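Chain by chain, the residues:
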Amino acid sequence: MTSTDLSTRVRNREAVIEIWRTVLDLDGSEISDEDHFFRLGGHSLLMIRMIHLLNEAMGVEIEVQDVSSQPTVGAIVELLERTSRSERTPASVEGTPTDPPFFPLLPAQVLRAAKIRSRPSTGQAGPHENYAAAFRLHGHFDSEVLRKAVWRVLERHDALRVRVSPDGLSGSVAAIGTVDPVSEVNLRHRDILDLLLAIRGEVLRAFDLDSGLLLRTTLFRLSSDESILTIVASSFAWDGWASREIFVRDLSAEYAAMVSDDHRADLAAPSSFARYCIERAHRHDPAREAELWSYWLEVLRGIGPVPEFRVPGSAPVPPISDSRASARIFRKVAPDVVQDLRRAERSTTLFTIGIAAIFLLLHQYYGDGKVGVLAPSGNRTARGSEQIVGPFAHFIVLVAEIPPGATVGTVLRLAQESTAEAQRHAGISHEELVARLLPDVSAGADGWPVRTATFAVEFESRSTPLLGNLQAIPEPIAGQQLENISLWLVRKGSTDSEVSIEVAAQYDLSWLQPNEIEDLMADFETALEYLVRAPDVKASEVSLRLVRGDGGAAGRVD
């Protein structure tokens with residue numbers, strides 16, 4: 001190796017480590033060539049961000065699959081030495097003036113289309129069908145400019161203009177202008193109940209897969225200077241994580257450019273979801289697919305793709321068909337526990353700690369050795385896909401086999417290992433797992449066969465998206481249909497002095513009672529506390545309200 005080569009390797013290594021510290025929030029931590037991205041607490045969404053930063057900083061075009069099989073510092077440095085723009089022409093999803101007339105749908109889309117079309121024609125979306133977001137706007141807002149901005153964003157993101165073929169196996173991209181994506185509703189002088197009912201109606205209204213428009217926006221005018229903007233999209237074309245962020249970012253840029261008379265918003269080159277699907281089909285690897293199936297069939301043995309969630313001592317669980325509306329509540333984590341969580345994040349992530357906390361709850365609630373929970377996976381595996389609206393993200397099942405006498409620290413280690421392995425094998429979508437292991441469920445239009453739990457982490461800074469000179473303040477949507485329970489941790493603030501963490505839950509009102517949710521969230525916070533303060537305590541000795549059944553104060557760890 002020449003001195004020049006050695007110097008380049010040192011610079012590459014320093015760049016990789018610096019990006020890891022940024023993405024994993026490991027400021028000041030020692031990172032070696034052997035350190036593993038997932039074992040340090042990374043997950044697929046963070047890996048997408050890490051690779052995006054690497055490509056930007058190093059002038060290369062590596063992809064998720066280049067890294068996911070061996071995500072260590074040393075392996076990535078060696079990859080950078082072999083990779084440059086001139087040496088490699090990776091799969092691209094950049095759009096061209098003429099998109100293909102037909103393209104193969106993703107396997108998960110084929111299953112979603114079949115389920116949507118099998119649903120009775122009531123005009124109302126079924127479980128897991130629609131994703132929604134709402135923003136409160138203060139000040140003058142031009143609905144005609146909004147309409148033009150939405151059209152421009154739809155032009156950029158062809159996944160939102162897909163028409164599904166009669167056989168449900170392929171799609172075509174509809175021309176711009178087929179259906180108006182923006183509506184305006186005057187709710188001046190109406191009460192809050194009218195607003196809630198109107199928003200709920202928009203959220204639950206089904207999409208037509210033949211229409212060529214899988215997103216709609218509605219501007220609810222509350223007064224001359226206050227409105228609520230809702231964005232609703234079909235899960236067939238949009239995931240509930242990155243797609244929303246991409247769409248809102250692009251819409252904000254387009255609207256701001258128009259109201260300031262700029263010729264065009266400064267956005268990245270448009271990309272094509274259709275071409276992504278074609279490239280994915282061309283690169284299909286039967287051997288890798290067989291390996292993925294072998295992994296999941298073994299991991300899910302005895303627990304299935306939809307791990308059941310039950311609250312100890314609760315009343316009989318009502319049928320999922322009774323689900324009508326949900327509630328969302330938040331509980332602030334004690335400041336001293338937040339500080340301990342921040343310190344723990346130097347060697348892992350908030351996501352992994354949260355998964356370990358749920359494993360502790362399930363282990364205590366049921367006494368089972370094998371426990372599981374659903375969590376989102378980014379699954380954007382082609383260059384440029386991080387800039388595309390599309391149904392890339394899906395649920396993965398995180399499973400741990402907790403041995404008798406295991407300590408709290410052991411549960412955290414199992415959560416790290418489970419997350420790393422599940423992300424490595426995320427190429428099989430959750431819909432495909434359900435279709436193979438629960439075929440009767442997959443064939444019908446109803447939800448999953450049992451109540452289950454999902455977990456995610458959200459990061460909120462003090463900044464909010466702008467539409468022109470207006471702040472778009474996120475607005476909670478009350479009453480969304482949800483037959484399961486979603487738990488998540490919300491970290492707010494951007495500096496150490498500002499950071500706060502909340503435990504949040506959204507749950508079906510027909511299933512769980514307020515006191516049960518209160519006890520569950522207290523137990524979740526208690527589990528977090530044990531994970532960062534008492535790793536040597538046995539998992540079976542963690543003191544939880546729902547196990548004690550006394551509704552008393554949550555156990556504190558001194």
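Q: How should I be thinking about the overall build of the protein in this particular structure?
A: Within the protein, the regular secondary structure consists of 17 helices and 15 strands. By the burial criterion, 54% of the 558 residues in the protein qualify as buried. In the protein, of all internal contacts separated by at least 6 residues, the share reaching a separation of at least 24 is 78%. Accessible surface, the protein: about 24100 Å² in total, of which carbon and sulfur atoms supply 50%.

Q: Help me out: how do you make sense of the pairing of strand β4 (residues 170-173) in this one?
A: Both faces of the sheet carry side chains from a regular strand, because those side chains alternate between them. As paired elements, strand β1 (residues 103-104) and β4 share two bridges and run antiparallel to each other. Of the residues in β4, the one forming a bridge with F103 is G171. Summarising the sheet, strand β3 (residues 162-164) and β4 pair through three bridges and their orientation is antiparallel. When the sheet's bridge partners are listed, V162 is paired in β4 with V173. The antiparallel hairpin formed by β3 and β4 contains five residues in its connecting segment, where G168 sits at a positive phi of about 75°.

Q: Where do I start with the packing of helix α6 (residues 143-156) against helix α8 (residues 242-259) in this structure?
A: Two measures define how a pair of helices packs: the angle their axes make with one another and the distance between the axes. Here α6 crosses α8 at 130°, and the two axes come no closer than 9 Å. Overall, the two elements α6 and α8 adopt an arrangement that is oblique. Seen along the crossing, α6 lies across α8 with a hand that is right-handed. Here V145, L146, K148, A149, V150, R152, V153 and R156 of α6 come into contact with α8, specifically with F247, D250, L251, E254, Y255, M258 and V259. For the contact of α6 with α8, the residue count by class is 10 nonpolar, no polar and five charged.

Q: Explain the pairing of strand β14 (residues 485-492) to me, please; I cannot follow it from the model alone.
A: Among the eight residues of β14, seven are classified as buried, and the element is accordingly described as predominantly covered. Two elements, β14 and strand β15 (residues 500-508), share eight bridges in a ladder whose sense is antiparallel. Across the sheet, residue R491 finds its bridge partner in β15, namely I501.

Q: Is there a simple way to think about the sheet that holds β4 in this case?
A: Backbone hydrogen bonds are what pair the strands of a sheet, in a parallel or an antiparallel way. In space, the three strands of this open sheet follow the order β1-β4-β3, with antiparallel pairing throughout. Each end of this open sheet is capped by a strand with a single partner; those strands are β1 and β3.

Q: So what exactly am I meant to see when it comes to the side chain of N12 here?
A: Position of N12 among the secondary structure elements: in helix α1 (residues 3-24). Those residues in contact with N12 that lie beyond four places of it in its chain are M58, V77, L80 and E81.

Q: Help me understand the pattern of salt bridges, please; the structure alone is not making it clear to me.
A: For side chains of opposite charge, pairing can occur when their charged atoms come near one another. Overall, the coordinates contain 30 salt bridges when judged by the stated rule. D180 is the salt-bridge partner of R147, the closest N and O atoms lying 3.1 Å from each other. With R147 in helix α6 and D180 in the loop between β4 and β5 (182-186), this pair connects stretches of sequence that are 33 residues apart. Note on D180: relative accessible area 43%, which makes it partly exposed. A salt bridge links D250 to R156; the shortest N-O distance between them is 3.3 Å. Of this pair, D250 sits in helix α8 while R156 sits in helix α6, and the two are 94 residues apart along the sequence.

About the criteria used
- Residues numbered from 1 in each chain as written.
- Predicted model: local features only at pLDDT ≥ 70, side-chain atom pairs only at ≥ 80, totals over all residues.
- Heavy atoms only, no water.
- Helix = DSSP H or I, 4+ residues; strand = E, 2+ residues; numbered from the N terminus.
- Buried < 20%, exposed > 50% of the residue type's maximum accessible area, 1.4 Å probe, protein only.
- Contact = heavy atoms within 4.5 Å.
- Areas by Shrake-Rupley, 256 points an atom, 1.4 Å probe, with all protein chains shown as cover.
- Pairing = 2+ DSSP bridges.
- Axes fitted to C-alpha atoms, helices over the stretch in contact; angles between N-to-C directions.
- Parallel < 35°, antiparallel > 145°, perpendicular 65-115°, else oblique.
- Left-handed = near helix turned anticlockwise from the far one by under 90°.
- Nonpolar A, V, L, I, M, F, W, Y, C, P; charged D, E, K, R; others polar.
- Salt bridge = Lys/Arg side-chain N within 4 Å of Asp/Glu carboxyl O.

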